[in-house]
Amino acid sequence: MTTTNAMNAPLSSLTWGDDRLILLDQRLLPESIIMLDLYTPEEVWDAIHTMKVRGAPAIGIAAAYGVVLGARRISQDHNDNQIWLDQVLEVCKYLATSRPTAVNLFWALDRMKNKATTLIQEGHDILELNQALLTEAQAIQSEDEEVCRMIGEHALPLFHDGMGVLTHCNAGGLATAKYGTALAPMYLAHEQGIKLKVFADETRPVLQGARLTAFELQQAGIDVTLICDNMAGMVMSKGWIQAVIVGTDRVAANGDVCNKIGTYSVAVLAKAHGIPFYVACPLSTIDLNTATGNEIPIEERPAEEITEGFGKRTAPQDIKVFNPAFDVTPNEYVTAIITEKGIIQAPYNENLAAIFSK
Ligand code: MRU
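Just so it is clear, the model here is predicted, and its values are computed rather than measured. (Residues numbered from 1 in each chain as written. Predicted model: local features only at pLDDT ≥ 70, side-chain atom pairs only at ≥ 80, totals over all residues. Heavy atoms only, no water.)

Draft legend 1. The site of the ligand, seen in detail. Around the ligand, the surrounding shell holds 19 residues, and the nearest of these are Arg54, Arg99, Asp249, Asn259 and Lys260. Within the side chain of Gln208, an N or O atom sits 2.9 Å from an oxygen atom of the ligand. In this structure, an oxygen atom belonging to the ligand sits 2.8 Å away from a side-chain N or O atom of Asp249. Taking 410 Å² as the accessible area of the ligand by itself, protein coverage stands at 99%. (Near = heavy atom within 4 Å. Polar contact = N/O pair within 3.5 Å; in protein donor to acceptor, adjacent residues only side chain to side chain. Areas by Shrake-Rupley, 256 points an atom, 1.4 Å probe, with all protein chains shown as cover.)

Quick look at the structure:
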């Protein structure tokens, strides 16, 4: 792995460069803009696991490129299609262990597995196989950009000039190929001269709201105010928020929404204040195979994120810590789910299933 300081380069969370995945190290934002060159699936696994790349769609895209890197390495040692396929499937299995919650990771890896299997059935040579896998990974990335823009277009009519909008965590350009999900309508509003007052809450313990959302919206010239997670209720009670919009890592078939820890509290507060609570996501985040939010695996992360997260010890030694990275917001708190195919409302079981055949 090599690193490049790219302070003046335009910001994109990941790009493909001839023989490597070029990744923005999101752990170092906003202080440093460092690009990492990743050459192996192991480096991609580590980047996802340690959250150098994070956000549901972005980790799916990174994993797809991880498969490309794995396939290229295999073909240096073997020129046998069956060995190539077996090992590509192994690489997919391995990358699927990098993080458990965001279903986009598994969705993208399934897509790569299906592509590899179909290509083998069609009988291509190894060079063609590798090229076709790269084309598939690039398609996942470019489709995500298009899908995010469409989510923004569907969401935009819900927002009007002068409105206060709260968002939790980072569901922006950094978490996706471009635009983001929850932040897509904010970028489109900005393009059209509609002025929203965005409140970004910081999302302890790793501060995606402060380090990432506040950073990317400020860079884009959008009016953004940073608050701590525990200030959302106060800000709502002052009448400053007319809508909440968040992204998600997985939506269950019944419309329960899994997202960054603290989202559930924000949803309850929104309901208590009569504020609509919107969730923005691509169809690749909707998991009809998971019946309810109770079945979604919730990642628990190291205690040090809480006890030493600010570069110094902020809790007693040996303290017991519970550090879930996500929570589930029950469907009754969700006003609507905004996708690239339009806006979905309750009853979610019926309407989420129907959107896939639209
Ligand atoms: O732990 P993270 O930073 O990967 O969690 C990200 C979130 O929870 C985002 O809100 C979600 O992935 C939506 S991304 C468009």
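Still more ground to cover, so stick around.
Draft legend 2. Seen up close, the pairing of strand 10 (residues 257-260). Summarising the sheet, strand 9 (residues 250-252) and strand 10 pair through two bridges and their orientation is antiparallel. Along strand 10, the bridge assignment pairs Val251 with Val257. Hairpin connection from strand 9 to strand 10: four residues lie between these consecutive antiparallel strands, with Gly255 at a positive phi of about 90°. Bridge count for strand 10 against strand 13 (residues 326-329) is four bridges, and the pairing is antiparallel. What sits directly across from Cys258, in strand 13, is Val328. (Pairing = 2+ DSSP bridges. Helix = DSSP H or I, 4+ residues; strand = E, 2+ residues; numbered from the N terminus.)

Draft legend 3. Just the sheet that holds strand 7 (residues 224-227), in detail. Read from one edge of the open sheet, seven strands run 7-6-5-8-11-14-15, paired in mixed fashion. Unpaired on one side and paired on the other, strand 7 and strand 15 (342-344) mark the two borders of the sheet. Going from strand to strand, the sheet's axes swing by 25° on average, the running direction of each strand aside. Both strand 6 (residues 197-201) and strand 7 contribute to a ladder of four bridges, which runs parallel. Across the sheet, the residue bridging to Asp201 is Ile227, located in strand 7. Contacting strand 5 (164-168), strand 6, strand 8 (243-246) and strand 11 (277-280), helix 9 (residues 263-272) crosses the sheet at an angle of about 140° to strand 11. (Axes fitted to C-alpha atoms, helices over the stretch in contact; angles between N-to-C directions. Contact = heavy atoms within 4.5 Å.)

Draft legend 4. Highlighting the packing of aromatic side chains. In the structure shown here, the tally under the stated rule is five aromatic pairs. Between the aromatic rings of Trp16 and Tyr65, the centroid separation amounts to 5.3 Å while the plane-to-plane angle is 10°, which identifies the pairing as stacked. Of this pair, Trp16 sits in strand 2 (residues 14-17) while Tyr65 sits in helix 2 (residues 56-77), placing them 49 residues apart in sequence. Here the aromatic rings of Phe159 and Tyr278 are separated by 6.4 Å at their centres, their planes lie at 70°, and the arrangement is edge-to-face. Of this pair, Phe159 sits in the loop between helix 5 (126-155) and strand 5 while Tyr278 sits in strand 11, placing them 119 residues apart in sequence. In this structure, Phe159 and Tyr278 share a single accessibility class: buried. (Phe/Tyr/Trp six-rings, centres within 6.5 Å; stacked < 30°, edge-to-face > 60°. Buried < 20%, exposed > 50% of the residue type's maximum accessible area, 1.4 Å probe, protein only.)

Draft legend 5. A look at helix 4 (residues 103-122). End to end, helix 4 covers 29 Å across 20 residues, agreeing with the expected 28 Å (1.5 Å per residue, within 8%). Listed as buried for helix 4 are Val103, Asn104, Leu105, Ala108, Leu109, Arg111, Met112, Ala116, Leu119 and Ile120. Positioned one or two residues after helix 4, Gly123 has a phi angle of 70°, which is positive. (Expected span 1.5 Å × (residues − 1).)

Draft legend 6. Quick peek at the nonpolar core. Judged by nonpolar contacts, the single largest core of 46 residues is most densely connected at Leu21, Trp84, Val88 and Leu133. Elements with a minimum of two residues in this core: strand 2, strand 3 (20-24), strand 4 (34-38), helix 1 (41-49), helix 2, helix 3 (81-95), helix 4 and helix 5. Take this core: its biggest share by element is 13 residues, from helix 2. In this structure, Trp84 is in contact with Ala71, Ile74, Ser75, Ala116, Ile120, Ile126, Leu129, Asn130 and Leu133, ignoring residues within four places of it in sequence. (Core = buried A, V, L, I, M, F, W, Y, C linked by side-chain atoms within 4.5 Å.)

Draft legend 7. Spatial organisation of helix 7 (residues 208-219). Between the first and last C-alpha of helix 7 there are 15 Å, a value that for 12 residues agrees with the 16 Å anticipated at 1.5 Å per step. The element helix 7 is largely enclosed, with a buried count of 10 among its 12 residues. Here helix 7 has its buried residues at Gln208, Gly209, Ala210, Arg211, Leu212, Thr213, Ala214, Phe215, Glu216 and Leu217. In this structure, the buried residues of helix 7 make contact with strand 5, helix 6 (184-191), strand 6, strand 7 and strand 10. Positive phi shows up at Gly221, right after helix 7, with a value of about 80°.

Draft legend 8. Structural detail: the UniProt feature "binding site: substrate" (unreviewed entry) in the protein. Summarizing the sequence annotation, UniProt attributes the feature "binding site: substrate" (unreviewed entry) to Arg54, Gly55, Ala56, Arg99, Gln208, Asn259 and Lys260 in the numbering used throughout. With respect to the helices, strands and loops of the structure, Ala56 is situated in helix 2. With respect to the element layout, Asn259 can be found in strand 10. Residues contacting Asn259, with those up to four places away along its chain left out, are His168, Val246, Gly247, Thr248, Asp249, Ala325, Phe326 and Asp327. A distance of 3.2 Å separates a polar side-chain atom of Asn259 from the backbone oxygen of Gly247. (UniProt positions renumbered as here; feature names shortened; annotations may be inferred.)

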